[in-house]
Amino acid sequence: MRTCFQCGYDGYTGGLAIGDLDESGVEFRPRVPIRGFRTINLFCAFDESIFDRDEAQEYSFGWSENFGTGDDGARLEYVRGRIVEGGPERVIVESENAGGCYRVTKVAFTRAGAAWWILATRITNRCDRPVRFDYFTGDDPWLGSYRSSDGDVGWTPAGLVEREADVTPFVVGGFYDLGNPALGQDHAGFSNQANFVRLDPASPLPDRALFANRFAHSSDEIDPLRPLDNRTMTALNLGWTDRTLRPGEGFTVAMAIGRAETGVLGETPRPPAIDDGDWSEWRRVLPESDDGSSSDEPDLAAEDVALDLSAGELRVHGTYWIRNNGDVAQTLRIRYPILVGSGNPPPPEIIIDGRRLEPTPNPPDEVAVEFPLPLAPRGLARFEARYAQRIEGREAVYLTTSAREWSRPIGRAVFVVRHDGTLPEVTISYPVARTRIVDGVREDVVVLSDFSPVENLAVRWQGTWGSSRSE
């Protein structure tokens, strides 16, 4: 994989923004040609902009069509950079740029055998007044053949994206060089290769995630009937909007980008597995906050929880990421509680990372299991929990208020509630960000940032389950 950081264009300011004027920003060179392709263009150039809302001014690395037409933004001038590790097994590099009130620090990490980079970006307010801004980053990948978006369709875990679409909330997705059926194309002549963008498990999710035939910035700019085509640029644009930073405060986003895994033509691509150690590397170089207010205590950085409801049962599958904010390794004792009551008896077991544990009472209205979790210095570590709980009434409750025991709010919490789509009058105690129905199953997604729960997540309904789902 050949990667170019701001090559071939004298107007670039320098630093760790992927881009090349006349060649691929990220190019995959297979040992043996794939479907006739000796090289695969994965990414061209990330058009990345900070838009200051009060100044109505764009700041960029010398070129960005995300806002404006190219070099018309104010410049984030190169300040310094360094090689933290130079290989051969690992590469970690860091850069700093600055312009207006903004200091932008970037860290890029990859290792031998990986078909990806992890890129972390921290935006810091260097002025003595608050700033309000939007941060957008996106790529017109020309996936497959350089200078051609012919046949490129989008993808997320929910499936292929053939037309312009708002795919917020977004965790992972990308483009796929397949041929677009919405344009009448078949798969002939395309590479069957895909790229991916995957958010760091604990980074804030973007407020906007848009597939369009341009760099779109709001759902109003999306035409869901218009196919993604090869007549204009085709972009996946991610935006963190209306953010405010106090003087000296920082905002940090990290993501992995690279080559996704593809199999049978037309199947949804899959991002490669990236372990907690890989996600931890950039954190050892770039602390996630620089305002001086952070504690070294571990915190619950993120949780991703699926709640599957059927007649008389709630099945929970949760993944939780714990962040060590200190420079010393430690082992944390985790207590995982479940709310119980007259209509919600305790589950017979809780499965933690594949281990079956028997919960013990935790009066007055909980059961819990406890287990150790090792944390590397400045590291991120995850655990998974699964359990099934009987539901004897018309309410299922997932315990969230226990998160108040942590030293700070949960940075990111995503809850996916699935149930029979015919179940009447279903309500969820937190706002729903997205709803869809697939094969008769309704899926409601709740996305919460800086989450300090004041109540538990409750799902309530009227009526009875459809016979097709209760059998």
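Preceding this paragraph is the structure being described.
Residues numbered from 1 in each chain as written. Predicted model: local features only at pLDDT ≥ 70, side-chain atom pairs only at ≥ 80, totals over all residues. Heavy atoms only, no water.

Asks: Give me the lowdown on the packing of aromatic side chains, citing residues and values where you can.
Replies: Tallying each qualifying case throughout the model produces 21 aromatic pairs. With a centroid separation of 5.8 Å and 75° between ring planes, the pair formed by Tyr102 and Phe133 is classed as edge-to-face. With Tyr102 in strand 9 (residues 102-111) and Phe133 in strand 11 (residues 131-139), this residue pair connects regions lying 31 residues apart in the sequence. Looking at Tyr102, the relative accessible area reads 0%, which means it is buried. What makes Phe133 buried here is its relative accessible area of 0%. (Phe/Tyr/Trp six-rings, centres within 6.5 Å; stacked < 30°, edge-to-face > 60°. Helix = DSSP H or I, 4+ residues; strand = E, 2+ residues; numbered from the N terminus. Buried < 20%, exposed > 50% of the residue type's maximum accessible area, 1.4 Å probe, protein only.)

Asks: Could you give me a rundown of empty space enclosed by the protein, with the residues and numbers involved?
Replies: Rolling a probe over the atoms, with the probe sized like a water molecule, indicates the empty space that remains. Scanning the model with the defined rule gives four cavities of 30 Å³ or more in all. Every residue lining the largest cavity is listed: Leu16, Ala17, Ile18, Phe46, Glu48, Lys106, Leu119, Thr121, Tyr135, Thr137, Val253 and Met255. Mapped onto the lining of the largest cavity, the elements with two or more residues apiece are strand 4 (46-52), strand 10 (116-125), strand 11 and strand 19 (250-260). A class-by-class count of the residues in the lining of the largest cavity yields eight nonpolar, two polar and two charged. Counted as a void, the second largest cavity has a volume near 90 Å³. Those elements giving two or more residues to the lining of the second largest cavity turn out to be strand 11, strand 15 (172-177), strand 16 (193-199) and strand 18 (235-245). If you tally residues by element for the lining of the second largest cavity, the top one is strand 11, at three residues. In terms of residue class, the lining of the second largest cavity is built from seven nonpolar, four polar and one charged. (1 Å grid on protein atoms, 1.4 Å probe; cavity = no way out; pocket = protein on both sides within 12 Å on 5 of 7 lines; lining within 4 Å. Points joined across faces, edges and corners; volume = space filled by probe spheres on them. Nonpolar A, V, L, I, M, F, W, Y, C, P; charged D, E, K, R; others polar.)

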